[in-house]
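# Structural description and commentary
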Amino acid sequence: MPEYKAPIRDVKFVMQELLDCDSHYQRLGYDDASLDMIDAIVSEAAKFTEQVIAPINQIGDEQGCTWNDGEVTTPDGFKEAYQQFVEGGWPTLAQNTDFGGQGLPHSLNTAITEFFSSANHSFAMYPGLSHGALATIEAHGSQEQQQMFMPNLVEGNWTGTMCLTEPHCGTDLGMLRTKAELNDDGSYSLTGTKIFISAGEHDLSGNIVHIVIARIPGSPEGSKGISLFIVPKYNVTADGEIAERNAVSCGSIEHKMGINANATCVINFDGAKGYLIGEINRGLNCMFTFMNAARLGVATEGVAAAEASFQGALAYAKDRLQMRSLTGVKNPAGPADPIIVHPDVRRMLLTQKSIAEGGRALVAYLSQLVDIGHASDDAEEKAKAESKLALLTPIAKAFLTEAGLECTSHGVQVFGGHGFIKEWGMEQLMRDTKISCLYEGTTGIQALDLLARKILGSKGEILKPFGSEVTKFCLENAEVDAMQEFIQPIMSFGGDWQKMTQNIGAKAMTNPDEIGAASVDYLMYSGYLTLAYFWAKMVKVSLDKLAQGDEDAAFYQAKIQTARFYFQRILPRANGHAACVENGAESMMSLDAEDFSF
Ligand SMILES: Cc1cc2nc3c(=O)[nH]c(=O)nc-3n(C[C@H](O)[C@H](O)[C@H](O)COP(=O)(O)OP(=O)(O)OC[C@H]3O[C@@H](n4cnc5c(N)ncnc54)[C@H](O)[C@@H]3O)c2cc1C
């Protein structure tokens, strides 16, 4: 089992050197987020992850959760680890001080969430869901609801869930059947069955606060008739004390491919008491608060998986001796050379490294935009940040999870046959991370959101704030010799991307299927290009540091070298996606469904 080490140096590089978090936090009024404080929190989170969360990852996979008559027991060590997590104040970090939070920036929380997720995807999901539930109640709940539910959620004494999916509706939530009927006291009675509810039932916390979508009788059919409710496992008094058990039960848990230590539950609501959040029939709008926070969280999972797999593969590649290097013996004292000498092994390792580090930069950038959304009082700055977030969230969610999954496959491959054997932990990473491509909107759905709803739907308006930022960076560095190999490809791929977008828009006028046929390739192209921008920015910082004679020269040289690999060996994949887009829908749509055969 590879030993996980939190990538503190790289996190600090991204936060402090690339994104200048110091001025970002000071400007937004996060006075407590000094560099010393950030260092202390990142180091403590690393220690906690390595010593408490990572050691229960494998046993969590082997034991999984167990269901007994509606009660769910998490694997050995999870309860104790969660208790320590709460005692350490980790859930409170970025939460509102009015409800017991520490009021630190969201982006700091995201940085350490990556550690938790790399070390133990299943464990990290429990607090991750609470975070989304809190964001929803804070943004849309009434003051009473906030008083009732937020303090215990903030402290981590209670956890949250997101209850959307039903047996017959996953992507198409407009088909939901769970109904909510008004009670005399203004609360609602919810009846229906939800499936696949992560952390829907478990033994880690004193109460579970479900955020549930349901339809109030008489509401319109489809997505326009969806309302949002808070439904606790145990009812709660006005001052937030636990009262009697609510009519919410866990019918069963799923046996699944990965994240075995996170309970995936069937949750039955049998006239359960719930409280409307926000306006009637505006549930999906409110839910987007949850979903956007959650999508960034899932993008982080992609980075986390790539990083964890890279660490395991790198240690193995330096240790495992097989064959000799093509350019002559490198380890004369041994019977063979370590496999890291072989170009193909390096291809896999550098793919992992370039995705993990590039993805970390993208996620950190997005989480700073979230900070701006929370704390800026400049309306124009906020609007720009929201526009960039809207554009880049589906890219980060889908591209980084697909790329993260690919990286975990490389991790297995670097280990050869041993990667397929459980004890090494590499196959667990691959099984665990597949879910990130599925939940919170599949890759296909993120791609449609990006291309159809956001880019074509806004007639390209949404591209402007981020597009101008990239153009400005390219123009500023267009004359810098050492940046040429990075700037030129961004401009060239960026130009092709614009033409591709226009072509899809034009073709879709006569055949709307052209959008669906292009969307995933278009998203992947966008992902490769977006990461290229962040790699170029990291090169710029590294060149500046080297020019200043920074003593950590090896770190910056490695950055530039990894960027070079990314531009030469990863970015060209975008051309393949462009060719697929160019070839259009015809080849995939001409076969009648009944003529598909096997
Ligand atoms: C382990 C696990 C944990 C989960 N946790 C939660 C949770 O906590 N809360 C919750 O509410 N849900 C949860 N889910 C549910 C998850 O979000 C859904 O499974 C997911 O959104 C897809 O829905 P579906 O499974 O019904 O697939 P479907 O919607 O049936 O989709 C099947 C396939 O069709 C594609 N597809 C569907 N419509 C379109 C379209 N218009 N265009 C192109 N392609 C399309 C999809 O991309 C997918 O490939 C979880 C699922 C799992 C497996």
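Small disclaimer: the values here were computed from a predicted structure and weren't measured.

Calculation criteria
Residues numbered from 1 in each chain as written. Predicted model: local features only at pLDDT ≥ 70, side-chain atom pairs only at ≥ 80, totals over all residues. Heavy atoms only, no water. Helix = DSSP H or I, 4+ residues; strand = E, 2+ residues; numbered from the N terminus. Rg over C-alpha atoms; globule rule 2.2 N^0.38 Å. Buried < 20%, exposed > 50% of the residue type's maximum accessible area, 1.4 Å probe, protein only. Contact = heavy atoms within 4.5 Å. Areas by Shrake-Rupley, 256 points an atom, 1.4 Å probe, with all protein chains shown as cover. Lys, Arg positive; Asp, Glu negative; His and termini not counted. Charge placed at Lys NZ, Arg CZ, Asp CG, Glu CD. Domains from an automatic or database assignment. Buried area = accessible area lost by both parts, 1.4 Å probe. Salt bridge = Lys/Arg side-chain N within 4 Å of Asp/Glu carboxyl O. Near = heavy atom within 4 Å. Polar contact = N/O pair within 3.5 Å; in protein donor to acceptor, adjacent residues only side chain to side chain. Nonpolar A, V, L, I, M, F, W, Y, C, P; charged D, E, K, R; others polar. Arc of directions from axis to C-beta. Disulfide = S-S within 2.5 Å. Phe/Tyr/Trp six-rings, centres within 6.5 Å; stacked < 30°, edge-to-face > 60°. Lys NZ or Arg CZ within 6 Å of the ring centre and 35° of its normal. Axes fitted to C-alpha atoms, helices over the stretch in contact; angles between N-to-C directions. Parallel < 35°, antiparallel > 145°, perpendicular 65-115°, else oblique. Core = buried A, V, L, I, M, F, W, Y, C linked by side-chain atoms within 4.5 Å. 1 Å grid on protein atoms, 1.4 Å probe; cavity = no way out; pocket = protein on both sides within 12 Å on 5 of 7 lines; lining within 4 Å. Points joined across faces, edges and corners; volume = space filled by probe spheres on them.

What follows covers the overall build of the protein chain. On a plain count of helices and strands, the protein chain comes out with 19 helices and 11 strands. Taken over the C-alpha trace, the protein chain has a radius of gyration of 24 Å; the compact-globule value for 598 residues is 25 Å, and the two agree within 12%. By principal-axis analysis of the C-alpha atoms, the protein chain measures approximately 80 × 60 × 60 Å. Burial status across the protein chain gives 56% buried among its 598 residues. Pairs at least 24 apart in sequence give 73% of the contacts found in the protein chain among residues at least 6 apart. Put simply, the protein chain shows about 24,900 Å² of open surface, and 53% of that area lies on carbon and sulfur atoms. Put simply, the protein chain has 46 plus and 75 minus side-chain charges, and the middle of one group is 5 Å from the middle of the other.

It is worth spelling out the domain arrangement of the protein chain at this point. Taken domain by domain, the protein chain comprises domain 1 (287–449) and domain 2 (459–589). For domain 1 and domain 2, the distance between their C-alpha centres works out to 18 Å. Contacts between domain 1 and domain 2 engage 30 residues on the former and 26 residues on the latter. Summing the contributions of domain 1 and of domain 2, the shared interface buries around 2,400 Å²; its carbon and sulfur component is 79%. Summed over the three residues of domain 1 that lose the most area to domain 2, namely Ser354, Leu391 and Phe399, the buried surface amounts to 23% of that side. The interface formed by domain 1 and domain 2 holds three salt bridges in total.

Right, let's talk about the site of the ligand for a bit. Around the ligand, the structure places 18 residues, and the nearest of them are Met162, Thr165, Thr171, Phe196 and Thr442. Separating a nitrogen atom of the ligand from a side-chain N or O atom of Thr165 is a distance of 2.7 Å. Contact distances for the ligand include 2.5 Å between an oxygen atom and a side-chain N or O atom of Thr171. Relative to its free-state accessible area of 970 Å², the ligand is covered by the protein chains to the extent of 61%. Within the residue set of the shell around the ligand, elements represented by two or more residues are β3 (158–163), β5 (188–198) and α13 (443–456). Top contributing element to the shell around the ligand by residue count: β5, with three residues. Split by residue class, the shell around the ligand holds 11 nonpolar, six polar and one charged.

A word on helix α2 (residues 21–28). For the α-helix, the turn length of 3.6 residues means that residues three or four positions removed from each other point alike. Inspection of α2 places Cys21, His24, Tyr25 and Leu28 among the buried residues, and these make up the whole buried set. Buried residues of α2, seen end-on, are gathered within an arc of 90 degrees and therefore sit on one face of the element. Next to the buried residues of α2 lie α1 (8–18), α3 (35–53), α6 (106–119) and α10 (343–375). Trailing α2 by a residue or two, Gly29 shows a phi angle of about 85 degrees, which is positive.

The tally for this structure, following the rule as stated, stands at zero disulfides. For Cys65, which is in no disulfide, the shortest distance to another cysteine sulfur is to Cys265 and amounts to 7.7 Å. Between Cys250, a free cysteine, and Cys265, which holds the nearest cysteine sulfur, the sulfur-to-sulfur gap is 4.0 Å. Of the residues examined, Cys250 reaches a relative accessible area of 4% and is grouped as buried.

Here we come to the environment of Val520. Mapped onto the elements, Val520 comes out in helix α16 (residues 513–547). Not counting residues within four places of it along the chain, the set of residues in contact with Val520 comprises Thr443, Gly444 and Ala447.

Before going further, it helps to spend a moment on the packing of aromatic side chains. Taken as a whole and assessed by the stated rule, the structure comprises 27 aromatic pairs. The ring centre of Phe555 lies 4.0 Å from the NZ or CZ of Arg9, which sits over that ring. The ring of Tyr234 carries the charged tip of Arg245 above its face, separated from the ring centre by 5.5 Å.

Okay, the packing of α13 against α16 next. At a closest axis distance of 8 Å, the pairing of α13 and α16 adopts a crossing angle of 95 degrees. Classified by the angle between their axes, α13 and α16 sit roughly perpendicular to one another. For the pair α13 and α16, the contacting residues are Thr443, Gly444, Gln446, Ala447, Leu448, Leu450, Leu451, Ala452, Ile455 and Leu456 in the first and Ile515, Gly516, Ala518, Ser519, Val520, Tyr522, Leu523 and Ser526 in the second. In terms of residue class, the contact of α13 with α16 is built from 12 nonpolar, six polar and no charged.

Turning our eyes to something else, we now look at the nonpolar core. Among the nonpolar cores identified, the biggest contains 167 residues, and Phe149 and Tyr566 are the most heavily contacted of them. The dominant element in this core, judged by the number of residues it contributes, is α16, at 17 residues. Counting contributing residues per domain, this core is built from domain 1 (287–449) and domain 2 (459–589), each supplying no fewer than three. Dropping the residues within four chain positions of it, Phe149 is found in contact with Ile137, Trp158, Val209, Ile230, Pro232, Val236 and Tyr275. Core analysis: the next-biggest nonpolar cluster, separate from the first, contains 15 residues, Tyr316, Ile339, Val345 and Leu349 among them.

Turning next to empty space enclosed by the protein. What the rule picks out here adds up to four cavities of 30 Å³ or more. What lines the largest cavity is a set of 16 residues, among which Val14, Met15, Ala111, Arg360 and Ala364 lie closest to the centre. Secondary-structure elements contributing two or more residues to the lining of the largest cavity are α1, α2, α6, α9 (283–319) and α10. Of the residues belonging to the lining of the largest cavity, the class tally is 10 nonpolar, four polar and two charged. Reported here for the second largest cavity is a volume of approximately 80 Å³. Along its surface, the second largest cavity is lined by 13 residues, and Ser117, Ser118, His121, Leu429 and Asp432 are the ones closest to its centre. Among the secondary structure elements, those contributing two or more residues to the lining of the second largest cavity are α6, α9 and α12 (426–434). When residues in the lining of the second largest cavity are grouped by element, the largest group, four residues, is from α12. For the lining of the second largest cavity, the class distribution of residues is four nonpolar, seven polar and two charged.

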